[in-house]
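# Structural features, examined
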Amino acid sequence: MMMMSRCFLWLVLLNHVGGAILESQAPHRELQAYRDCPGCTTTTTTSASSVSALHYDPDLKDVNIVATYSDHHGNIRLGSVKMGHLSSSWLFDNPLRPNTNPSSQDSFQNDSTRMEENAATYSTTNQSGETDNHFPHMEFTSPAKLKRQSLRQERRAQRTLDLIQHDKESDHQMQEAAIHKSITFENSVVGKYSIWRRDYESPNADAILKLMRDQIIMAKAYSHIAKSKNATNLYLFLMQQSRENQRVLGKATSDADLPSRALEQAKAMGHALSLAKDELYDCHELAKKFRAMLQSTERNVDGLKKKGTFLIQLAAKTFPKPLHCLSLQLAADYFLLGFNEEEDGVKKDAKFEDPSLYHYAIFSDNVLATSVVVNSTVLNAKEPEKHVFHIVTDKLNFAAMKMWFRVNAPTDATIQVENINDFKWLNSSYCSVLRQLESARLKEYYFKANHPSSISAGADNLKYRNPKYLSMLNHLRFYLPEVYPKLDKILFLDDDIVVQKDLAPLWEVDMQGKVNGAVETCKESFHRFDKYLNFSNPKISENFDAGACGWAFGMNMFDLREWRKRNITGIYHYWQDMNEDRTLWKLGSLPPGLITFYNLTYAMERSWHVLGLGYDPALNQTAIENAAVVHYNGNYKPWLGLAFAKYKPYWSKYVEYDNPYLRLCNINE
C-alpha cells in the first residue's frame, strides 16, 4: 500500500481482556501512538513509556489497538493489532502531560523490519464484520540506511565539484590553445595549394558557384517553356542571363576563383528566374523538361565514360616518346660503336647454365622497366654474384637492350640478353598460339574491322586492343624448359615489378611437387576461375571448378624438372588449340595459365608478391612496404604519366636519372 502524504495514527481503546483497568491506568488508555516516517509533517515527540514496558504488564498486553489511516485514494481505513505484539520502536504519548523523556527518540527508529512484518500479519475487523482492510505497509528508514544516503549525497556533491573543476581546467586549456593559434595563424590569402587539398577551406567555399550553376539549369528549363509559349522577350532575356552566368563562371572550381561581380550576376539571374516563374510556372511542364535534361545528361556521361576508358587504354598501350628516344639512342650507339660485331665471337658464360645459381627470366621490350627489375633485385640481394638474369626481347629492341646492360651492367650479377627471333624452334608449326596470332580471323577480332553491335561490346573490346596480346613475348613463359634446357628452377618476373627484398629464399621453398609457385589473388568471390573462363561451355565446366582460387603472373617460381615430367607445355598446346574460336576464354596469358597449371600451383605467402599498384589507389601501405615484390599490374604503369603519385617512388628510386642516356631523352623523376 502506498505511503500516505500525512502519517498519523490515533489509538482507541476498544476493550480490555482479562480484568478491569484501574483508574490510575486511565492515561494509558488515552495514549497517542505515532511513528516517524519520510512523509510525516508532525513534529516528533516522545512519550513517558513504550511498548517494551507494556510487555511486562499483563493487564495491557492483550489490549486491541485500532489504527485509523487514509489510503492513497483518500478513503478512511481501520487496522487492528494487539498491543503486546507491537515492537519497542513504537512510542506512546500522553497528550495530557508534557514530554519528559527526550532521549527516548533514539529508540524511535529501531526494529523497523519487525514492525513491517507485524503490520502485515494482522488483518482488520470493524464492527460491520468487514475483513478486507489490512494494516498498511509503510517503509521505515533505519539509521544504517540514513547513513548510507548521507554518504551517497556527499559523494555526489564531491563528484559534482570535481567535474566543475575539470571543466574549468579544460576551458582554460582551450583558451590558451586558441590564443596561441591566433598568434601563430597566418591569415594572408595565398590561393589554393591544390584542388585536392581542402584543409583550410570553408564548408561553403563553393556556395555561389553551385548557385550560379543551378541558375543556369533553371534558366534553360524556363527558356524552353518560354519558347514553346511564344514568350520571345522572356526567352531572349533568360538566354542572355544564362550566357552571362557561364562567362562569369569560366573555369572556376570554387568561390575564390570567381570574379568580384559574380554575386551581382547571381542576383540578376535570380531576378530573371523570379520573373519567369511568375509568368511561366507550370509544374508538369517543368518536371517534363527536367526529365528530358536528365536523360540527355546521362547520355553525355555515358559517352564521356566510354571516351575516358578508350583514352586510358590508348595511353596504357602507347609507348612514351622519352622511352622511344632511349631505345633509338641506345640502338644507334650499339651499331656505331661496333658492339654488334663483337657479339659474334663472345663465348657463352658458364653461369648461364649453372643450376646451382639463382636464375631469373624477364621477357620485355621496355629497356627502362627491365633495368629497374634488375637493379632492384641486385641491390636487395645478399649474394648478388649468384644471381643470373635471362632477358629476352624482340628484334626491334634487342640492340638497345644489349647496349644498356653493356654500359650499365650491375655489379657482380650476370646478365644474358637474347633475341626471341633467334629461337628457331619457336615457329607456327610447333607453337599453336603463334599460328593463331598469324591468322586472319584473330587479326579481324583484334582490330575489330566490323563495328560492335552494342556499346557494351565495344567497351569490352577496348581492353583487348593491346599489342601485348599479339606479342609472342607474352606467351614465351609457357616454353621455359625449351628456352632453358639445363636449368632446374627459374623465377619468372614481369617488367612492371619492383623487388624490395632478397629473393634467394624462394629457391628453398618446398613446393610439394607442384610446378608453379604463385601468390593467390582471390578475395571472397573475386578473382576466381569463373572471372576468367567461360563456364557456360561444357569443356570448361566439366574440367574445372568455377570457385577455384586464381593467382597472378608477375613473380612465379617454376620447377622445370616437374614441368618436363608432367609435359606442361603439351597441356598448354592442347587447351590453346581448343580455344581457337575464343569460346573458352578471351585473349591473354593468364586464362590459359590458370588452366595449364590447374591443381599444379603452390600457394605462396602473400607477402612475397603484392599486386594492384597499377590500378588500386587504396592498397594497404604497410603491406606494400613489407612485400618482397610489388607489382604495377594494370594500366597505371610507373613509367607513364597515369601512374599513382604515391606508388611511383617505390619504382623511381631504382632509376638512374643521372644516366647520360636518360638526361638526353629528358627522362626525369
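Above this text sits the structure in question.
Residues numbered from 1 in each chain as written. Predicted model: local features only at pLDDT ≥ 70, side-chain atom pairs only at ≥ 80, totals over all residues. Heavy atoms only, no water.

### A word on the pairing of strand β10 (residues 489–493)
Along β10, five of the five residues are buried, which leaves the element largely enclosed by surrounding structure. Residue alternation in β10 divides its side chains into two sets, K489, L491 and L493 and I490 and F492, and both sets are buried. Bridge count for strand β7 (residues 358–363) against β10 is three bridges, and the pairing is parallel. Residue pairing across strands places I362 opposite L493, the latter belonging to β10. (Buried < 20%, exposed > 50% of the residue type's maximum accessible area, 1.4 Å probe, protein only. Helix = DSSP H or I, 4+ residues; strand = E, 2+ residues; numbered from the N terminus. Pairing = 2+ DSSP bridges.)

### Quick notes on the sheet that holds strand β11 (residues 497–499)
Taking strand neighbours across the sheet as the criterion, the three strands line up as β11-β16-β15 in an open arrangement whose pairing is mixed. Across the chains shown, the open sheet's two edge strands, defined by having one partner strand only, are β11 and β15 (609–610).

### Some thoughts on the packing of aromatic side chains
The final tally for this structure, using the stated rule, is 26 aromatic pairs. Ring centres 5.9 Å apart and planes at 55 degrees place the aromatic pair Y430 and Y479 in the tilted group. Residue Y430 is located in the loop between β9 (414–419) and α13 (432–437), and its partner Y479 is located in the loop between α15 (455–462) and α16 (480–483); the two are separated by 49 residues in the primary sequence. Note on Y430: relative accessible area 34%, which makes it partly exposed. With 5.0 Å between their ring centres and 80 degrees between their planes, W551 and F553 make a pair best called edge-to-face. Taken as a pair, W551 and F553 share a single burial class, namely buried. Taking NZ or CZ as reference, R477 lies 4.6 Å from the ring centre of F553, over its face. (Phe/Tyr/Trp six-rings, centres within 6.5 Å; stacked < 30°, edge-to-face > 60°. Lys NZ or Arg CZ within 6 Å of the ring centre and 35° of its normal.)

### Thoughts on the pattern of salt bridges
Evaluation of the coordinates by the stated rule reveals 10 salt bridges. Notably, a salt bridge pairs R435 with D577, separated by 3.3 Å at the nearest N-O pair. Linking R435 in helix α13 with D577 in helix α20 (residues 568–578), this pair joins segments that are 142 residues apart in sequence. Judged by its relative accessible area of 37%, D577 falls in the partly exposed class. (Salt bridge = Lys/Arg side-chain N within 4 Å of Asp/Glu carboxyl O.)

### Let's talk about the sheet that holds β9
Paired through backbone hydrogen bonds, the strands of a sheet run either parallel or antiparallel to each other. Strand order in this open sheet of seven strands is β9-β8-β7-β10-β13-β12-β14, and the pairing throughout is mixed. For this open sheet the edge positions go to β9 and β14 (601–603), each flanked by a neighbour on one side alone. Shown here is a sheet whose adjacent strand axes are inclined to one another by a mean of 25 degrees, direction ignored. Sheet strands touched by helix α11 (residues 367–379): β7, β8 (387–393), β9 and β10. Its angle to β8, the strand with the most contacts, is close to 175 degrees. (Axes fitted to C-alpha atoms, helices over the stretch in contact; angles between N-to-C directions. Contact = heavy atoms within 4.5 Å.)

### Regarding the side chain of T377
Tracing the sequence through the fold places T377 in helix α11. Setting aside chain neighbours within four positions, we find T377 in contact with Y360, F389, L493 and V499.

### Comments concerning the state of the cysteines
Tallied over the entire structure, the rule returns two disulfides. In this model, C325 is linked to C665 through a disulfide, with the two sulfur atoms separated by 2.2 Å. Note on the C325 and C665 pair: the S-S dihedral is about -75 degrees, so by sign convention the disulfide is left-handed. Note that C325 is positioned in helix α9 (residues 321–336) and C665 in the segment after α24 (660–664), a separation of 340 residues in sequence. Look at C325 and you get partly exposed, because its relative accessible area is 22%. Linked covalently through their sulfurs, C522 and C549 form a disulfide whose S-S length is 1.7 Å. On the sign convention where negative is left-handed, the bridge of C522 and C549, at about -100 degrees about the S-S bond, is left-handed. One end of the pair, C522, is in the loop between β12 (516–518) and α17 (529–532); the other, C549, is in the loop between α18 (538–541) and β13 (555–559), and 27 residues separate them in sequence. Given the relative accessible area of 11%, C522 is considered buried. (Disulfide = S-S within 2.5 Å.)

### A look at the packing of helix α6 (residues 232–249) against helix α7 (residues 262–280)
At a closest axis distance of 10 Å, the pairing of α6 and α7 adopts a crossing angle of 155 degrees. Judged on the interaxial angle alone, α7 and α6 are roughly antiparallel. When you trace α6 past α7, the crossing you get is left-handed. For the pair formed by α6 and α7, the contact residues are L234, F237, L238, Q241, S242, E244, N245 and V248 on the first element and A262, Q265, A268, M269, A272, L273, L275, A276, E279 and L280 on the second. By residue class, the composition of the contact of α6 with α7 is 12 nonpolar, four polar and two charged. (Parallel < 35°, antiparallel > 145°, perpendicular 65-115°, else oblique. Left-handed = near helix turned anticlockwise from the far one by under 90°. Nonpolar A, V, L, I, M, F, W, Y, C, P; charged D, E, K, R; others polar.)

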